[in-house]
Amino acid sequence: MSRSRLISIFGVFTLILGVAMVAAPAAQAASVWWVDNTNLSCNDTTGGATLAAPSCTITGMATKAITSGDQVRVRPGTYPEQVDVTHSGVTFIADAPGVVVTGVGVITKNYGFNLTGASDVVDGFTFTQQKIAGAHVSGLLATADVVQNVTVTGSAEYGIFVENTTNATVRGSIVSGSTSIGIKLLNTSGSLVSANISHDNLSHGISLQNSPNNVVAGNTSYKNWNLLPPLVHIAVGIDVSSNSTGVTVEQNTTYGNRDSGIQIYTGSTNAIVARNISYDNGDHGLDCLNSTGDSVVGNTVVGNGTVGINLEGTIAPACSGAVVGDNISADNAVVKSTTPTGDIRLDTLSLGLSLNNNVSIVNHNVVFMTNGGALYNWNGVPYTTLPKFQVASAQGANDINANPLFANLAARDLSLQISSPAVDSADLTMRGVMALDHDGRAPVDQPGVANTGVGTPNFADRGALELSVLTLTAPTAPTGVQATAGNAQAFVSWTAPASNGGSPVTGYTVTAAPGGGTATTTGATTATVTGLTNGTSYTFTVTATNAIGISAASAASAAVTPTAPMVGFTGRAPTRVLDTRVGTG
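Residues numbered from 1 in each chain as written. Predicted model: local features only at pLDDT ≥ 70, side-chain atom pairs only at ≥ 80, totals over all residues. Heavy atoms only, no water.

> Hey, could you run me through the packing of aromatic side chains in this one?
The description of an aromatic ring pair rests on the distance of the ring centres and on the angle between the ring planes. Taken as a whole, this structure holds 12 aromatic pairs when the rule is applied. Ring centres of Phe113 and Phe127 lie 5.9 Å apart, and the angle between their planes is 80 degrees; this geometry places the pair in the edge-to-face category. Of this pair, Phe113 sits in strand 7 (residues 111-115) while Phe127 sits in strand 9 (residues 126-128), placing them 14 residues apart in sequence. Each member of the pair Phe113 and Phe127 is classed as buried. (Phe/Tyr/Trp six-rings, centres within 6.5 Å; stacked < 30°, edge-to-face > 60°. Helix = DSSP H or I, 4+ residues; strand = E, 2+ residues; numbered from the N terminus. Buried < 20%, exposed > 50% of the residue type's maximum accessible area, 1.4 Å probe, protein only.)

Here you go:
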């Protein structure tokens with residue numbers, strides 16, 4: 001090898017080694033920036049690096065917090081500004097209660113915070129009187145932004161407005177007094193709206209428009225009420241509309257809204273509406289319009305104006321292909337109406353009877369009307385009894401028409417009593433069903449209640465709320481009672497109860513009829529009842545006792561009659577006698 005070639009190779013090696021030995025530049029460390037406009041030393045140009053020398057405005061720090069992981073901490077005060085956040089990964093935190101971003105005096109701006117960067121967080125602020133929205137998230141670059149724990153009041157349009165983006169989160173916030181919608185998602189997907197309270201807005205509490213594949217969970221939306229004439233209903237607790245397909249609406253509470261509690265509208269197909277509580281709304285509790293394939297399962301719907309659960313359409317296939325199951329819908333249709341009323345309604349177009357594999361299913365619901373009225377409105381016909389509905393529709397085979405026995409209906413405590421027909425009877429195989437209840441609690445097997453549910457577990461409860469506290473009861477009744485008569489007595493045996501009510505059986509009592517003679521045991525499943533009258537026919541029942549109480553009596557045994565032994569007769573063994581007469585053997 002020539003010397004020049006060797007040098008060349010060595011030079012290349014040295015160059016590569018040198019490059020490899022140069023350390024990559026360290027990532028810029030995240031910083032904490034401070035804002036306090038009550039501090040006389042504040043300065044937007046030179047301040048912000050320390051609490052002692054802060055910035056005067058949040059906007060001033062939004063231009064300095066440019067590194068992902070940076071925090072801007074804002075001390076209490078009133079800040080009349082719009083904060084435009086264009087960098088990504090920056091967190092803005094109200095350092096203590098009382099940080100107010102106001103729109104008063106902000107002439108040319110529309111928002112409190114305007115987020116256009118990615119993965120930014122706005123946490124803990126109060127917004128008031130913005131022209132459009134307290135917090136605004138917008139743009140394809142604004143993915144994964146978070147607005148949390150904020151309070152928005154008096155916005156001229158929306159409280160929180162998320163548009164044209166993905167994977168946003170709005171949670172833990174309180175919105176009220178908006179001239180339009182409280183929390184609005186527009187052209188947004190893959191996002192979460194959770195644990196918010198939206199109330200007293202002049203339009204919907206929460207609205208998703210052309211926003212597919214989002215989750216709306218654990219929110220409370222109430223008393224959203226427009227000022228239009230009394231017959232106009234437009235303010236809904238939770239609105240999913242304008243082709244917002246595949247949305248999950250679960251574990252929410254809606255009440256006292258001018259229109260419906262929850263509505264799935266206009267092409268918002270394949271929604272899941274599960275484990276929600278909706279009561280005392282002006283129109284429907286849960287409402288579907290022209291949105292196929294929706295699953296309305298495990299909700300509690302009470303005291304709404306016209307229909308509890310309503311599925312209808314203006315054009316086929318309307319709301320066909322729906323599943324309506326495991327719900328409690330009770331005492332709806334509380335206002336006089338010229339439109340159809342009832343606890344559950346499916347109009348003609350929503351039945352799906354003319355569509356292959358798109359027939360709607362109604363099953364495993366509890367319906368009840370305290371003062372009478374339509375339990376169902378099916379295919380344009382009201383039905384006031386369950387059997388008539390079942391015959392006409394071939395639906396509702398496992399529906400129950402009975403008082404759901406809420407803990408306190410008047411106070412709207414819609415949890416269940418142990419004797420409710422909804423307990424341990426839900427079908428967890430229905431499409432869209434969720435085992436965890438409205439409050440996130442798993443089903444509990446109540447030992448005093450037979451498990452008549454379907455799926456795993458087979459003891460989930462119908463409606464939004466599980467009876468999650470184990471409720472001890474008296475045992476169920478013993479079974480299989482048999483009796484054998486003796487002399488002025490009878491020997492009785494039985495089978496222990498199917499359920500001890502959650503507390504061990506401590507004893508049994510056997511009772512004879514007639515006469516009422518008894519015998520007791522401390523756990524044995526046999527006993528002898530004495531003092532009976534020979535020649536009298538008796539039957540016997542058995543009750544079981546535990547620490548909670550006494551069971552119902554068992555079914556009676558077959559009748560037996562005690563008898564005395566025969567007197568003055570002594571039995572002898574038979575003796576063979578040979579007959580010796582002629583002609584006999």
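Moving on, there is more to tell.
> Whenever I open this one, the pattern of salt bridges confuses me. Can you help?
All told, the structure shown has eight salt bridges when counted by the stated rule. For the salt bridge of Arg412 with Asp280, the shortest nitrogen-to-oxygen distance reads 2.7 Å. You can see Arg412 sitting in the loop between strand 40 (406-408) and strand 41 (413-416) and its partner Asp280 sitting in the loop between strand 27 (277-279) and strand 28 (286-289), a full 132 residues away along the chain. Residue Arg412 is classed as partly exposed on the basis of its relative accessible area of 26%. Among the ionic pairs, Asp439 bridges to Arg441, the shortest N-O distance being 3.6 Å. Look at Arg441 and you get partly exposed, because its relative accessible area is 29%. (Salt bridge = Lys/Arg side-chain N within 4 Å of Asp/Glu carboxyl O.)

> Sorry, what's going on with the sheet that holds strand 47 (residues 539-545) here?
Sheet strands associate in pairs through backbone hydrogen bonding, adopting either a parallel or an antiparallel arrangement. Taken in spatial order, the three strands make up an open sheet running 45-44-47, and their pairing is antiparallel. Each edge of the sheet is formed by a strand with only one pairing partner; in this case those strands are strand 45 (518-521) and strand 47. When the angles between neighbouring strand axes are averaged without regard to direction, this sheet yields 20 degrees. Sheet topology note: the strand 44 (residues 507-513)/strand 47 ladder contains seven bridges and is antiparallel. Counted as the bridge partner of Tyr508 is Ala544 from strand 47. (Pairing = 2+ DSSP bridges. Axes fitted to C-alpha atoms, helices over the stretch in contact; angles between N-to-C directions.)

> Looking at this model, I keep getting lost on the state of the cysteines. Mind explaining?
Note on terminology: a disulfide is the covalent bond linking the sulfur atoms of two cysteines. Counted under the stated rule, the structure contains two disulfides. One disulfide in the model links Cys42 with Cys56; its S-S distance is 2.1 Å. Here Cys42 and Cys56 share a disulfide; its torsion about the S-S bond, 95 degrees, makes the bridge right-handed. Residue Cys42 is located in the loop between strand 1 (32-35) and helix 2 (58-62), and its partner Cys56 is located in the loop between strand 1 and helix 2; the two are separated by 14 residues in the primary sequence. Across the disulfide, Cys288 is cross-linked to Cys319 (sulfur-sulfur distance 2.0 Å). (Disulfide = S-S within 2.5 Å.)

> Could you clarify how one ought to interpret empty space enclosed by the protein in this entry?
Within the structure shown, the criterion is met by three cavities of 30 Å³ or more. Reported here for the largest cavity is a volume of approximately 70 Å³. Along the walls of the largest cavity sit Ile262, Ile264, Val273, Leu286, Asp287, Cys288, Asp294, Val296, Ile309, Asn310 and Leu311, which together make up its complete lining. Only strand 25 (262-265), strand 28 and strand 31 (307-312) provide two or more residues apiece to the lining of the largest cavity. Within the lining of the largest cavity, the residues separate by chemical class into eight nonpolar, one polar and two charged. (1 Å grid on protein atoms, 1.4 Å probe; cavity = no way out; pocket = protein on both sides within 12 Å on 5 of 7 lines; lining within 4 Å. Points joined across faces, edges and corners; volume = space filled by probe spheres on them. Nonpolar A, V, L, I, M, F, W, Y, C, P; charged D, E, K, R; others polar.)

> Explain the sheet that holds strand 43 (residues 489-495) to me, please; I cannot follow it from the model alone.
Across the sheet, three strands lie side by side as 42-43-46; this open sheet has antiparallel pairing. With partners counted over all chains shown, the strands left at the sheet margins are strand 42 (479-485) and strand 46 (526-530), one partner each. Across the sheet, the mean angle separating the axes of adjacent strands is 25 degrees when strand polarity is ignored.

> So what exactly am I meant to see when it comes to the pairing of strand 7 here?
Side-chain direction in a regular strand flips from residue to residue, so the side chains alternate between the two faces of the sheet. With respect to burial, strand 7 is a largely interior element, five of its five residues being buried. Bridge count for strand 4 (residues 83-85) against strand 7 is three bridges, and the pairing is parallel. Each bridged residue has a counterpart across the sheet, and for Val83 the counterpart in strand 7 is Phe113. Bridge count for strand 7 against strand 10 (residues 133-138) is four bridges, and the pairing is parallel. Its bridge partner being in strand 10, Tyr111 is matched across the sheet by Ala133.

> Where do I start with a nonpolar patch on the surface in this structure?
The grouping of Leu470, Leu472 and Ile548 at the surface amounts to a nonpolar patch, some 260 Å² of accessible area in total. Checked against the element boundaries, Ile548 lands in the segment after strand 47. (Patch = residues over 30% accessible without salt bridge, like charges linked within 9 Å, V, L, I, M, F, W, Y side chains within 5 Å. Areas by Shrake-Rupley, 256 points an atom, 1.4 Å probe, with all protein chains shown as cover.)

> How should I be thinking about the environment of Trp494 in this particular structure?
Within the secondary structure, Trp494 sits in strand 43. In this structure Trp494 comes out as buried when scored by relative accessible area, which is 6%. Leaving out residues up to four positions away in the same chain, Trp494 has contacts with Pro478, Thr479, Gly480, Val481, Tyr508, Val510, Thr521, Ala524, Thr525, Thr526, Ala527 and Val542. (Contact = heavy atoms within 4.5 Å.)

Interpretation in functional terms is not warranted from these geometric data alone.
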